[in-house]
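# Notes for the structure review
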Amino acid sequence: MALGPAVAEEHSLMLYRQMVARSLLDTLKEVSDDERDCIAVLERISRLADDSEPTVRAELMEQVPHIAMFCQENRPSIPYAFSKYLLPIVVRYLADQNNQVRKTSQAALLVLLEQELIERYDVETKVCPVLIDLTAPDSNDDVKTEAVAIMCKMASMVGKDITERLVLPRFCEMCCDCRMFHVRKVCAANFGDICSVVGQQATEEMLLPRFFQLCSDNVWGVRKACAECFMAVSCATSQEVRRTKLSTLFINLISDPSRWVRQAAFQSLGPFISTFANPSSSGQYFKEEDGKNPEGCGSAQENSEQVRTTEDVTREDELNRTEDLSSRVDNDHFATKLENALEDQNTVSNNSQRESDFQTESSFHCTLSSESCGEMADENKRSSHCCTAGLREAGLNSQETSLSEQELYNSFHFWRTPLPEIDIDFELQQTSEIILDREFQELTMPVSPNIPMATRKELEEMIENLEPHIDDPDVKAQVEVLSAALRASSLDPQEETMASVSKGTESQTELTINDQQNFKPILGDIVPLIGDAVENMDSTLHYIHNDSDLSTNSSFSPEEERKSKVQDVVPQALLDQYLSMTDPSRAQTVDTEIAKHCAYSLPGVALTLGRQNWHCLKDTYETLASDMQWKVRRTLAFSIHELAVILGDQLTAGDLVPVFNGFLKDLDEVRIGVLKHLHDFLKLLHLDKRREYLYQLQEFLVTDNSRNWRFRAELAEQLILLLDLYSARDIYDYLRPIAFSLCADKVSSVRWISYKLVSEMVKKLYMASTSTFVVDLMNELVEKFCRCRKWSGRQTFVFICQTISEDDCLPMDQFAVHLLPHLLHLASDRVPNVRVLLAKTLKQTLLEKEYFLNSANSHQEAVEQTIMVLQMDDDSDVKYFASIHPASTKIADDAMSTASSTY
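Sequence order sets the numbering: in each chain, residues are counted from 1 along the sequence as written. In keeping with the model being predicted, local features are shown solely for residues with a pLDDT of at least 70 and side-chain atom pairs are shown and tallied solely at 80 or more, while totals for entire chains, interfaces and linings include all residues. No hydrogens and no water enter the side-chain calculation; it runs on all heavy atoms of the structure.

## So, the environment of Lys153
In this description a helix means any DSSP run of H or I spanning at least four residues, a strand means any run of E spanning at least two, and both kinds are numbered starting from the N terminus. With respect to the helices and strands, the residue Lys153 is situated in helix H8 (residues 141–158). When a residue's accessible area, from a 1.4 Å probe over protein chains only, is under 20% of the maximum for its type it is buried; when over 50% it is exposed; and in between it is partly exposed. Overall, Lys153 belongs to the partly exposed group, its relative accessible area being 44%. When the C-alpha positions of Lys153 and Ile194 are compared, they lie 8.6 Å apart, and in sequence the two are 41 residues distant.

Now the structure itself:
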């Protein structure tokens with residue numbers, strides 16, 4: 001249907017105004033020398049901003065960032081042009097009725113802030129007030145949501161001061177918007193960005209209460225957004241808040257009724273755990289003997305002292321760490337009460353208190369190494385004489401403690417690993433003292449300051465909060481465990497205390513040598529500490545000590561120690577949830593790719609826990625390495641070299657090398673991850689272990705798909721790096737055949753990298769002490785390629801010679817003796833492509849070398865004569881490249897123009 005004349009005219013005028021808006025920048029550039037003309041153009045922009053057609057306003061807004069940048073560059077000519085004429089238009093369009101205009105103005109504002117084109121004063125007086133007005137309760141819903149998003153995105157650009165003074169109060173109000181869940185969802189999605197800008201104090205005082213509300217929002221989309229930004233929020237809080245508050249909050253998200261929330265929470269679990277890493281000890285060393293002590297490890301240790309492994313820890317190291325640990329324990333609420341109770345006893349001396357602290361430290365280290373436990377047991381034996389009296393009185397006085405203290409300190413809530421390492425020479429004469437020592441430690445061992453103790457009231461509250469979600473299997477399991485804990489916590493601890501102390505006293509006076517030899521203390525069905533979150537639900541430790549195992553040096557079998565998942569770096573509940581990500585049921589109830597997310601974040605979790613807690617992750621890593629999904633194994637393959645740096649050489653050789661070997665025989669999609677970092681992993685191994693892989697490098701030439709040429713190209717790249725890891729003989733015997741095979745590949749990209757490989761190989765062998773290898777290599781190059789029956793092989797020889805010459809891999813006099821005569825012989829090759837490349841190499845590479853420029857010798861004469869022959873060649877291309885100057889044509893730079901086809 002034809003348009004009426006009036007409509008057609010209006011349409012043409014609209015297109016004309018669009019064209020005017022599009023050409024404003026060019027117009028300004030034309031009149032930039034005259035300030036009056038520039039001002040006139042800017043005033044027309046203000047008039048154009050009032051256009052009734054949305055497409056014109058949108059077009060104008062797209063040009064504003066470019067015009068603003070031009071005004072900034074020409075500020076002396078048109079000062080304050082942007083602030084006076086352009087910024088008011090951008091701010092006004094933020095509330096435009098047309099959605100396209102608003103979106104364009106929002107994008108323009110962010111670009112202007114990112115480019116720092118808006119003055120700080122204008123941000124405070126012109127931008128922020130408008131955004132605050134747009135987020136008022138009576139504002140349009142769509143405009144309010146978009147304004148909140150702009151406020152959050154601009155926070156990082158305007159800095160902490162403006163954000164904290166102008167943006168933060170309104171942001172906190174928007175987090176509680178009861179009418180619009182879209183606003184709350186935007187706030188939740190950008191919560192981490194705001195926290196990172198305002199810092200720790202404002203986050204903990206103002207933002208965390210709002211974050212807790214958002215995490216319990218009745219709309220699952222808001223809770224999902226909170227789970228996705230949890231790591232950023234955690235990074236802006238202190239370690240104490242992270243451990244005591246955020247951990248429990250995160251457990252609630254993992255147990256959320258909505259599958260989408262649980263899915264987002266599990267994806268953020270690994271990153272959240274990584275925020276518990278200790279910054280002072282984040283620096284990694286690989287070889288155990290090369291590491292240095294992290295700062296603050298011991299108060300009496302020098303920074304230059306070498307770090308010793310757990311097996312080499314001496315009594316001085318333990319005492320140094322004890323001083324540091326006791327200062328941390330003093331900050332704990334429970335430890336303070338316990339120490340006050342002990343101080344009331346006149347018979348407890350300062351010396352016995354120090355020894356108790358030492359026993360406290362020893363229990364922490366029992367989970368790390370059996371050898372270190374033995375050394376600590378020896379120390380405890382020496383100290384048992386001086387603290388026996390104090391221990392007996394402290395145990396008897398436990399009847400006088402209040403009910404609240406009994407609930408706070410309950411033997412059910414706490415357990416410790418016994419000290420099994422006892423020197424045979426001292427065992428028979430001090431067994432009774434050690435028995436009493438152990439039993440008292442079970443009664444008076446202070447709780448770790450990093451794990452809060454749950455009271456009965458807290459357990460009841462946790463059960464009450466979880467009951468609405470009892471349909472979820474995970475929640476149901478947690479409720480059952482908490483209920484059992486609540487029932488057990490109702491037991492009277494006084495009776496247990498008195499019985500244990502009296503039993504220890506009787507044992508000290510009545511045990512004979514025969515009784516001691518047959519004594520078997522057993523700690524069974526002991527439930528670990530339960531804090532704000534469910535921690536270490538099913539851990540049970542048994543210790544049996546009798547005459548038959550006196551020769552052993554371990555408190556429990558290696559299998560039990562390997563499966564132990566106890567650590568004190570992160571809340572145990574978080575680690576347990578992370579380890580459960582490999583459970584097949586999780587893939588059905590949470591996310592089919594949950595194992596992949598577990599594998600992706602495993603290096604970060606391992607770095608956080610440290611190599612001393614690798615036993616917590618070892619089983620999970622092995623499970624992931626054998627996962628049925630190749631994407632999971634591929635993820636591990638791409639990060640195994642990083643994990644090796646974290647774990648060190650000993651754990652790498654024992655636990656990662658078998659997995660690495662399995663990846664070498666996996667699908668190409670998995671093998672490529674290993675191959676891309678082959679050098680990074682092999683350089684971490686000892687020389688003898690590294691040489692074992694020389695026999696397997698040949699297997700990388702075989703792929704599932706022969707057309708997967710990128711696999712072979714990556715192999716060539718890695719072989720170049722591996723040259724530094726092996727001796728000249730190993731290079732010649734094992735890497736040389738692979739390099740020659742790659743030089744004859746069907747794909748030109750693989751061959752080009754292989755030429756570089758061979759040239760670097762020549763350089764490496766020439767620098768070796770024995771020069772016979774490089775001579776043999778060059779002779780084989782001549783035999784295999786220069787005298788090849790196929791023209792592509794002879795062309796490969798020219799390419800290799802060109803690369804050797806360009807990269808100076810061989811002195812020119814040696815090159816002239818071993819390679820140049822065979823290279824010049826190809827001037828009579830019957831294939832023009834070979835002669836063309838020879839002409840390029842001689843003219844553009846060899847004749848540019850000083851050896852052929854400044855010294856008159858027979859080799860120089862031979863090269864010049866060959867070039868003269870090529871200049872009279874029948875083929876026009878050969879004649880052309882033999883005659884021109886290297887810099888006279890661009891074609892000379894394209895050495896691949898004469899290469900054979902890709903396939």
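Still more ground to cover, so stick around.
## Let's talk about the state of the cysteines
Two cysteine sulfur atoms make up a disulfide if the distance between them is within 2.5 Å. For the coordinates displayed, the defined rule picks out zero disulfides. Take Cys229: it sits in no disulfide, and the sulfur closest to it among the cysteines is that of Cys226, at 5.6 Å.

## Comments concerning the confidence of the model for the protein
On average, residues of the protein score 74 in pLDDT, and 65% of them are at 70 or above. Think of pLDDT as the predictor's per-residue confidence, scored from 0 to 100. Working rule for contacts: check all heavy atoms of both residues, and any pair within 4.5 Å makes them a contact. This model gives residues 887–903 a pLDDT under 50, and the stretch forms 33 contacts once residues within four places in sequence are excluded.

## A look at the side chain of His679
Note that His679 resides in helix H35 (residues 678–682). Non-local contacts of His679, meaning those with residues more than four positions away in its chain, are made with Gln718, Leu721, Leu722 and Leu725.

## A short note on the packing of helix H16 (residues 259–274) against helix H30 (residues 594–609)
The axes used here are C-alpha line fits, helices contributing only the stretch in contact, and every angle between their N-to-C directions lies in the interval 0 to 180 degrees. Two elements in contact, H16 and H30, have axes separated by 8 Å at closest approach and are oriented at 5°. In terms of their interaxial angle, H16 and H30 are classed as roughly parallel. Here Phe266, Gln267, Gly270, Pro271, Ile273 and Ser274 of H16 come into contact with H30, specifically with Ile594, His597, Ser601, Gly604, Val605 and Thr608. Polar here means any residue other than Ala, Val, Leu, Ile, Met, Phe, Trp, Tyr, Cys and Pro, which are nonpolar, and Asp, Glu, Lys and Arg, which are charged; Gly is therefore polar. Its residues assigned to classes, the contact of H16 with H30 shows five nonpolar, seven polar and no charged. Here the word oblique covers every angle except those under 35 degrees (roughly parallel), over 145 (roughly antiparallel) and from 65 to 115 (roughly perpendicular).

## Here we look at a negative patch on the surface
Where like charges cluster on the molecular surface, the negative patch consists of Asp33, Asp34, Glu35 and Asp37. Here Asp33 is to be found in the loop between helix H2 (24–30) and helix H3 (35–48). Patches draw on residues past 30% relative accessible area with no salt bridge. Two like charges within 9 Å are joined, as are two nonpolar side chains (Val, Leu, Ile, Met, Phe, Trp, Tyr) within 5 Å. Methods summary: accessible areas were calculated by the Shrake-Rupley approach with a probe of 1.4 Å, and residue burial reflects only the protein chains presented. For this document, the term salt bridge refers to a Lys or Arg side-chain nitrogen within 4 Å of an Asp or Glu carboxyl oxygen. For this count, His and the chain ends are skipped, Lys and Arg are scored as positive, and Asp and Glu as negative. Positions of charges follow a simple convention, taking NZ of Lys, CZ of Arg, CG of Asp or CD of Glu.

## Overview of the environment of Leu208
Mapped onto the secondary structure, Leu208 falls in helix H12 (residues 200–215). The class of Leu208 is buried, set by a relative accessible area of 5%. Separated by 37 residues in the primary sequence, Leu208 and Lys245 have C-alpha atoms spaced 9.5 Å apart. Aside from chain neighbours lying at most four places away, what touches Leu208 is Thr203, Val233, Thr237, Val241 and Leu246.

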